[in-house]
Amino acid sequence: MKFNFCAIVALSACSLSGEALWNGKDLAGWTCQPKELSQSHWSVSDEGIVGDNQDKKGSILWTDLEFGNFELNLDYRTSSPDYDSGIFVRGESHQVQIGVSRSLKVDLTGCIYAPKDGKGSYPAKSDKVAKVHKLGEWNHLRIVVEGKRMQTFLNGEAFVDYVGETIPEKGPIGLQVHAGVHQKMVFRNLEITELVAAKPAEASKPNVVIIYGDDVGYADLGCYGAEKIPTPNLDKLAAEGVRFTDAHCAAATCTPSRYSLLTGEMAFRKEGTGILAGNAKMAIDPEQFTLADTFQAGGYHTGVIGKWHLGLGDGKTPIDFNGEVKPGPLEIGFDYCFMLPSTNDRVPCVYLENHHIVNLDPEDPITVSYGKRIPDDVPGTKYPDGRDNPEAMTYYMNSHGHNQTVINGIGRIGMMKGGKSALWDDETMADVLVEKTGEFIARNKEKPFFLFFCSQDIHVPRTPHPRFRGKSDLSYRGDAMVQLDWTTGAIMEALEENGIADNTIVIFSSDNGPVYDDGYQDGTTVKTSSEEVDRGHDGSGPYRGGKYQIYEGGTRVPLIIRWPQGIEPGVSDALVTQVDFLKSFANHLEVEVPADAARDSRDYLDAFLGKDEQGAEVILEQAKSVAIRQGPWKFFTGEAVQFRPKGQKANPKEKTDEGQLFNVEKDLMEQNDLTEAESEKAAELRALLKKYRQSGLAE
């Protein structure tokens, strides 16, 4: 189910009958106490529900609905001193504090205020407040209420666990601004889930986490042959799961692979699915059925964290990065998102959480352009332009492109003004994404969830945290891979800490093959993937090519799947593709896929679980051209390489209208064209390729 508004509510069929907690437009469904302060205290802005008592009087905004056992998640921010305010739970007897206790003169955010419980005003306090509470910034508050027990979590940290005998069985939820001082508070992303006993079939559903590396080649992992890059966490994952030797992403570049994974449709079938600018229209229409929709329909909570690069907005009006940014992931099946709006080498260089830019100062609005330069009279912080001031690129210089707006000493693609307070820190990006992932897992550990975690590593600009520098023999690129390995280990640790690792399917893979110098002077010595080996390391291992290329190295990527409760560890040579994730999981969850959706996706769950050694009979691979794989045979026509830096000459042998045929089992480097020697097989595959370019693989 999709909700087209800022806040959503996860509903149990027995209680709320499809009504939302907040409609994102007005305050219907909420009542102010006292009523006469409704207009002056409470309103709705682009950011959320706003409480602002300029008259210094107190008021509470109550839900018209009452709740029993529930989990409440919300973000809040205060822009003025806050005292004794907070969230009332099941009526006025118990409150989760936000701000300073005027009586105790200390910040007790996330603690329990219960004056009617007979145990003192603050029967449950935490000593973590000063360390965790971010004054004046967006904070995430999670409240779990079951029976007489209340638990609170602030910014992912467990705060209090309290049992109160006088907690009512049921009551409304209230947002409060306290009397005595002017306070302004904003609440957004309110999400409430009623806690009901799970049916046995529901409890047995495995969680699913996809860890999606960026530009990670087949042999960039130790378990796939890397000797200059230590990857102990990924190697451990492979030892505990199934490691695939013939697994493929859909395309040799980022956006089309992500589009195909989420929609079950090869990207060449739709316009606007190439490598997208940072202000491009969302490639997936809200009407399309997605992998996230599949899990939602199967009763899962869904989230995406990390790099997006699938566009935003409807393409009819410019994306408003200063207001609600939509449509986006929440409109195509995800319940939660925290992400880079595009990718780390493109502006805007800020984080997007659900529909809003994180930590954005409205007095410093964001403007983004991928065409003309932004005029000086447009408001917002001005950043250096690498074309005019190359000396501003202090982190490292560009090698080709990547020389427009300079953020954090790094030249980017595209131009940007404003948003200084919201800028990301490149070197802490992995830490931020891991932190958000830990919070998501902790919030959803009691119910099945699907998480699409999309790392920025090892895409350019490669900016590993200083603690990872020098951990490989391959400078920034290798060290970024070490960071991605750490990220994988941290996610696994979060699953273990929450007691759900054994019943979680963890999938590690990549969006395309390896690339070396992809725009920055970061120590790599080979332009893009024009040569196989960079400083003694071949990212595609025994296979030819890499990113931007139709050869096997462009789409044959690592794939590791771990599920202790359902998978026997081993190695599989089955031919599989990420496009088949959608139908495989849909059939497993007994979710009906619309007839016009996922036209290239098929059910190969047994192959993904290591139970089918054959896998798919046929798959498609996309770069500038499209290739077909059938067993050991591979055939394609057209140009093999999609992108070359300026000045890099094309090899005439890499383009042919007649087609090229290779036996990739015997000829791993695709050197021996068998079009003439195996003319019947070439003709057969030429006809099949034509057929499947016109109709879907699943049709």
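Residues numbered from 1 in each chain as written. Predicted model: local features only at pLDDT ≥ 70, side-chain atom pairs only at ≥ 80, totals over all residues. Heavy atoms only, no water.

J.: How do you make sense of the overall build of the chain when you look at a structure like this?
T.: When you go through the chain residue by residue, the secondary structure sums to twelve helices and 33 strands. The globule rule puts the C-alpha radius of gyration for 699 residues at 27 Å, and the 26 Å found for the chain is close to it. Along the first, second and third principal axes, the C-alpha set of the chain runs to 90 × 60 × 45 Å. Going through the 699 residues of the chain one by one, you find that 63% of them count as buried. The contacts of the chain with a sequence gap of at least 6 include a subset with a gap of at least 24, amounting to 69%. Summing over all exposed atoms, the chain offers an accessible surface of approximately 26200 Å²; the carbon and sulfur share of this is 48%. (Helix = DSSP H or I, 4+ residues; strand = E, 2+ residues; numbered from the N terminus. Rg over C-alpha atoms; globule rule 2.2 N^0.38 Å. Buried < 20%, exposed > 50% of the residue type's maximum accessible area, 1.4 Å probe, protein only. Contact = heavy atoms within 4.5 Å. Areas by Shrake-Rupley, 256 points an atom, 1.4 Å probe, with all protein chains shown as cover.)

J.: Can you help me understand the packing of aromatic side chains in this one?
T.: What describes a pair of aromatic rings is the distance from one ring centre to the other and the angle between the planes of the rings. This model, assessed by the stated rule, comprises 24 aromatic pairs. Between the aromatic rings of F295 and F450, the centroid separation amounts to 4.4 Å while the plane-to-plane angle is 15 degrees, which identifies the pairing as stacked. On the criterion of sequence distance, the pair formed by F295 in helix α6 (residues 291-297) and F450 in strand β26 (residues 449-454) is long-range, its members being 155 residues apart. For F295, a relative accessible area of 0% translates into the label buried. By the ring-pair criterion, three or more aromatic residues cluster together here, those being F295, Y300, W308, F334, F450, F581, F585 and F608. Geometry around Y543 places R556 over its ring, the cationic atom sitting 4.0 Å from the centre. (Phe/Tyr/Trp six-rings, centres within 6.5 Å; stacked < 30°, edge-to-face > 60°. Lys NZ or Arg CZ within 6 Å of the ring centre and 35° of its normal.)

J.: Just checking my understanding: could you explain the pattern of salt bridges for this structure?
T.: Oppositely charged side chains can form a pair if their charged atoms are brought close together. Inspection of every chain in the model, using the stated rule, returns 41 salt bridges. Residues E353 and R188 are paired through a salt bridge, measuring 3.6 Å at the closest nitrogen-oxygen approach. You can see E353 sitting in strand β20 (residues 352-353) and its partner R188 sitting in strand β15 (residues 184-194), a full 165 residues away along the chain. R188 shares its class with E353; the two are buried. Two residues, R387 and D385, come together in a salt bridge whose shortest N-O distance is 2.7 Å. When its relative accessible area of 33% is taken as the criterion, R387 is described as partly exposed. Relative accessible area serves as the criterion here: at 11%, D385 is assigned to the buried category. Taken together, the shared-partner salt bridges connect D246, E552, R556, E621, R629, K634 and E670 into one network. (Salt bridge = Lys/Arg side-chain N within 4 Å of Asp/Glu carboxyl O.)

J.: Just checking my understanding: could you explain the packing of helix α7 (residues 429-444) against helix α8 (residues 475-497) for this structure?
T.: Each packed pair of helices is defined by two parameters, the angle between the axes and the distance between the axes. Orientation of α7 relative to α8, taken along the N-to-C sense of each, is 15 degrees, at an axis distance of 10 Å. In terms of axis orientation, α7 runs roughly parallel to α8. Crossing hand, α7 versus α8: right-handed. On the side of α7, the interface is formed by A430, D431, V434, T437, G438 and I441, while α8 contributes Q483, W486, T487, A490, I491, A494 and L495. Of the residues in the contact of α7 with α8, the class split is eight nonpolar, four polar and one charged. (Axes fitted to C-alpha atoms, helices over the stretch in contact; angles between N-to-C directions. Parallel < 35°, antiparallel > 145°, perpendicular 65-115°, else oblique. Left-handed = near helix turned anticlockwise from the far one by under 90°. Nonpolar A, V, L, I, M, F, W, Y, C, P; charged D, E, K, R; others polar.)

J.: Where do I start with α8 in this structure?
T.: Note: α-helices contain 3.6 residues per turn, so residues at a spacing of three or four share the same orientation. Relative to the 33 Å expected for 23 residues at 1.5 Å per residue, α8 spans 33 Å between its end C-alpha atoms, a close match to the ideal helical length. The buried fraction of α8 amounts to 18 of the 23 residues, a majority that puts the element mostly inside the structure. (Expected span 1.5 Å × (residues − 1).)

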